[in-house]
Amino acid sequence: MHPFANLLKESESWLMRRIRDYAVMHGYARYTSTLEEAWRISVVGLTESIISALSLSEAPWELNPDDTYTSDPIASFGVLEAQRHRARGVSLEMFMGLMKYYRQTYLDLIRTSSLKTAAFSERHLDDDGKSWCRFVERVFDRIEIAFCVEWSRSETINSAIDELQTANRQISNEKNKFLTIFESLPVAVFLLDERRYILHMNHFAAKMITPEVVSGSHYYSRPEKRIPFPWLTDELASFQKNGGNRELDCLLELADGKKRQVLASFQTMQDVSLKYPGIVVILKDITEWKRAEEKLKQAEAHLIQQEKMASVGQLAAGVAHEINNPMGFISSNLSTLNKYFGRLAEFVAAEGQVVSHASAQEVKRLSDLRQRLKIDYIVDDASQLISESLDGVDRVRSIVRDLKSFSRIDQDDSAEVDLNETLETTINIAWNEIKYVATLNRELGDIPRIKCHSQQLGQVFLNLLINAAQAIEGEGAITVRTWSDDLNVYVSVSDTGRGIPPELLPRIFEPFFTTKEIGKGTGLGLSISYGVVKKHGGSIRVESEVGKGSAFTVVLPIERS
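Residues numbered from 1 in each chain as written. Predicted model: local features only at pLDDT ≥ 70, side-chain atom pairs only at ≥ 80, totals over all residues. Heavy atoms only, no water.

K.L.:
Let's hear about the overall build of the protein chain: which residues, and what values?
P.N.:
Check the secondary structure of the protein chain and you find 16 helices and 12 strands. The proportion of buried residues among the 561 residues of the protein chain is 40%. Considering only contacts within the protein chain whose residues lie at least 6 apart along the sequence, 69% involve residues at least 24 apart. For the protein chain, the exposed surface amounts to about 32000 Å²; the carbon and sulfur share of it is 53%. (Helix = DSSP H or I, 4+ residues; strand = E, 2+ residues; numbered from the N terminus. Buried < 20%, exposed > 50% of the residue type's maximum accessible area, 1.4 Å probe, protein only. Contact = heavy atoms within 4.5 Å. Areas by Shrake-Rupley, 256 points an atom, 1.4 Å probe, with all protein chains shown as cover.)

Given below as structure tokens:
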């Protein structure tokens, strides 16, 4: 492509902004499009005309008295623009005036650009772009002449009124169509001026201010004065000062006294002509959506609690067994202790009688009785029995405490937690599921405390431990590891079980998907675990090999944003 053509193509945005600035400066913007695309199309059309002329000859296209400009391919843009602008009701004087500033814009580009490059022919090197200015001038001359010729043709004049009337009807229909669309939008749309007074609003917006308003009344009843936008004063002031897109949730009290939750969006007007400065405010009523979201959260919390209870139900028999074991030997030990102390009571009574009038024979009888009742053994064994009994009581207390902690409904507030402690509590609950099938290896590292919902994460770890135990056929091993780096804390639960087939790995977090037999699982454990970890800003990684086992790693951020 010719270097001058490249310059024009590369400067499209510059040309568009320059002509827009001229139009605004001299008042033409009052009658032109507000959208940047319309200006771009005009610049592209003019540039293509200049490039077309350049492809035929670099010499300026001088004007001849016998030229037919309406059939001139270089001037065809002028013919097309004459037809378009006449139909829009633009006067010849207005268009020709604006074209002078289009011409000026292209000349400004030539005068402010460095054209002295090796790519240009020698004849252009010494005139500071004057030859290219004359070239552009002549192209514009031909376009403007073609415009005037097309505008003033006799048959055109005769049909101009009909064209204008038809165009006006089309414009009215288009206006009515867009007004109807605007009025029918299911969100509230306000256009505010610089003082944040309402310029325009659709029906949904008007009802927020005047509940009994009739659709279209804002357009067809001319209010005497504008009213201020009644909400979000500080937010709008900040938006006007700082700019940029803005979106926020807020609670608004409407004119009827009702409060609605809305999603408010702010946007400056996309008006390059600067005719309509101001802010577009869109308010989307999300009250019902928020209510549904709250119900969904409650349902999710209820589902998590149900899953907890299902897990507790599966563990109930084992927990009862764990409680019965210590209670059994406590009962047995206390019964034995009762007999021992009965004997001690008998011995003490006899000893009291002997001591009162002891003789050698009585002393011997007392010694024999002491041996027969095994008083020395009883005294020695009693302390061990009592110690075992107290240990059993502590075990019962620990199991009951952990079970209560696990089954309690989570509080909304999170707290800083040592996940090693959470793991120990969870292991204690799941121990009856683990101890008969696997050896448990603890590799708990020195990890920082993190802010989290410990009860929810306890549910996650319980699901992983029980799944690991149920995946082991015969005897195996389960390893629980914790470690951390600068960003995350890691909790890994791995087993030497049967593993997960590769084709099933993508589905293991799907709700209600399970590989267990009927009655063994709900298919919700991993799904809920995935959701809980996601809500904590983390992730779950899975590695598995059939026949060798699986490893689930929970990754949790140390600092949550």
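More follows now that the structure is in view.
K.L.:
Run through the side chain of S550, naming residues and quoting values.
P.N.:
Note on placement: S550 falls in strand β12 (residues 549-557). Exposure remark for S550: the relative accessible area of 7% places this residue in the buried category.

K.L.:
Tell me about the sheet that holds strand β11 (residues 539-545), and please be specific about residues and values.
P.N.:
One open sheet holds the 5 strands; their spatial order is β7-β9-β10-β12-β11, and the pairing between them is mixed. The open sheet has two edge strands with one neighbour each: β7 (438-444) and β11. Recorded for the sheet is a direction-independent mean angle of 10° between the axes of neighbouring strands. (Pairing = 2+ DSSP bridges. Axes fitted to C-alpha atoms, helices over the stretch in contact; angles between N-to-C directions.)

K.L.:
Before we move on, could you go through the packing of aromatic side chains and cite the residues and values that matter?
P.N.:
Going through the model one piece at a time under the given rule, you end up with 11 aromatic pairs. Where Y22 meets Y101, the ring centres are 5.6 Å apart and the plane angle is 35°; that geometry is what we call tilted. Placement of Y22 in helix α2 (residues 12-25) and of Y101 in helix α5 (residues 92-112) is noted, with a sequence separation of 79 residues between them. Take Y22: its relative accessible area is 14%, and that puts it in the buried class. (Phe/Tyr/Trp six-rings, centres within 6.5 Å; stacked < 30°, edge-to-face > 60°.)

K.L.:
Which residues make up the pattern of salt bridges, and what are the values?
P.N.:
Inspection of the entire model under this criterion finds 19 salt bridges. Between K100 and E144 there is a salt bridge, and its shortest N-O distance comes to 3.0 Å. In this pair, K100 is assigned in helix α5 and E144 in helix α6 (residues 130-152), connecting sequence segments 44 residues apart. Of the residues examined, E144 reaches a relative accessible area of 6% and is grouped as buried. Residues joined by salt bridges that share partners form a network here, namely E62, K100, R103, E137, R138, D141 and E144. (Salt bridge = Lys/Arg side-chain N within 4 Å of Asp/Glu carboxyl O.)

K.L.:
Pulling in residues and values, what's your account of the pairing of strand β1 (residues 188-192)?
P.N.:
Of all 5 residues making up β1, 5 are buried, and the element is well covered by its neighbours. Of the two faces of β1, the one holding A188, F190 and L192 and the one holding V189 and L191 are both buried throughout. Here β1 runs beside strand β5 (residues 279-285); their pairing, made up of 5 bridges, is antiparallel. The residue of β5 that forms the bridge with A188 is L283. In the sheet, β1 pairs with strand β2 (residues 198-201) via 3 bridges, with the strands oriented antiparallel. Looking across to β2, one finds that F190 is bridged to M201. Two successive antiparallel strands, β1 and β2, enclose a turn made up of 5 residues, where R196 displays a positive phi of approximately 70°.

K.L.:
Lay out the sheet that holds strand β3 (residues 246-253) in plain terms, naming residues and giving numbers.
P.N.:
Sheet architecture is open: 5 strands sit in the order β2-β1-β5-β4-β3, paired in antiparallel fashion. Each having just a single partner strand, β2 and β3 make up the two edges of the open sheet. The average undirected angle you get between the axes of adjacent strands in this sheet is 25°. In this sheet, strand β4 (residues 259-268) lies alongside β3 in antiparallel orientation, the contact comprising 8 bridges. Each residue of the ladder has a partner; that of E253, found in β4, is K259.

K.L.:
Can you explain the pairing of β11? Please cite residues and give values.
P.N.:
In terms of strand pairing, β11 meets β12 through 7 bridges, oriented antiparallel. From the neighbouring strand, E545 faces β12, where its bridge partner is G549. Between β11 and β12, which pair antiparallel in sequence order, lie 3 residues; one of them, G547, sits at a positive phi of approximately 90°.

K.L.:
Which residues make up unusual backbone geometry, and what values do they have?
P.N.:
Within the chain, R196 stands out as a residue other than glycine whose phi angle is a positive 70°. With respect to the helices and strands, the residue R196 is situated in the loop between β1 and β2. A positive phi angle, close to 55°, is found at L232, a residue other than glycine. Checked against the element boundaries, L232 lands in the loop between α9 (217-220) and α10 (233-242).

K.L.:
Describe the packing of α2 against helix α3 (residues 36-56), naming the residues involved and giving the relevant values.
P.N.:
One can describe the packing of α2 onto α3 by two numbers: an axis separation of 9 Å at closest approach and a directional angle of 115°. Between α2 and α3, the crossing angle belongs to the class labelled roughly perpendicular. Considering only the axes of α2 and α3, their crossing is right-handed. The segment α2 lies against α3, with E12, L15, M16, I19, R20 and A23 engaging E36, W39, R40, V43, V44 and T47. Looking at side-chain class alone, the contact of α2 with α3 contains 7 nonpolar, 1 polar and 4 charged residues. (Parallel < 35°, antiparallel > 145°, perpendicular 65-115°, else oblique. Left-handed = near helix turned anticlockwise from the far one by under 90°. Nonpolar A, V, L, I, M, F, W, Y, C, P; charged D, E, K, R; others polar.)

K.L.:
So what about the environment of I74? Which residues, and what values?
P.N.:
Relative to the assigned elements, I74 resides in the loop between α3 and α4 (76-87). Separated by 69 residues in sequence, I74 and I143 have C-alpha atoms that sit 7.3 Å apart. Apart from residues lying up to four places away in sequence, I74 is in contact with S49, A53, L56, W61, V139 and I143.

K.L.:
Explain the nonpolar core to me, using residue names and the numbers behind them.
P.N.:
With 39 residues, the main nonpolar core has F4, L46, I50, Y102, Y106, V136 and F140 as its most contacted residues. Of all the secondary-structure elements, those providing two or more residues to this core are α1 (3-10), α2, α3, α4, α5 and α6. Contacts of L46, omitting those with residues within four sequence positions, involve F77, M99, Y102, Y106, F140 and I143. Residues V417, I434, I447 and V554 belong to the second largest nonpolar core, which totals 38 residues. (Core = buried A, V, L, I, M, F, W, Y, C linked by side-chain atoms within 4.5 Å.)

K.L.:
Help me get a handle on α1, residues and values and all.
P.N.:
Taken as a whole, α1 has its buried residues at F4, A5, L7 and L8. One side of α1 carries all its buried residues, which in axial view fall inside an arc of 155°. Close packing links the buried residues of α1 with α2, α3, α5 and α6. (Arc of directions from axis to C-beta.)

Read these as spatial facts, not as claims about activity.
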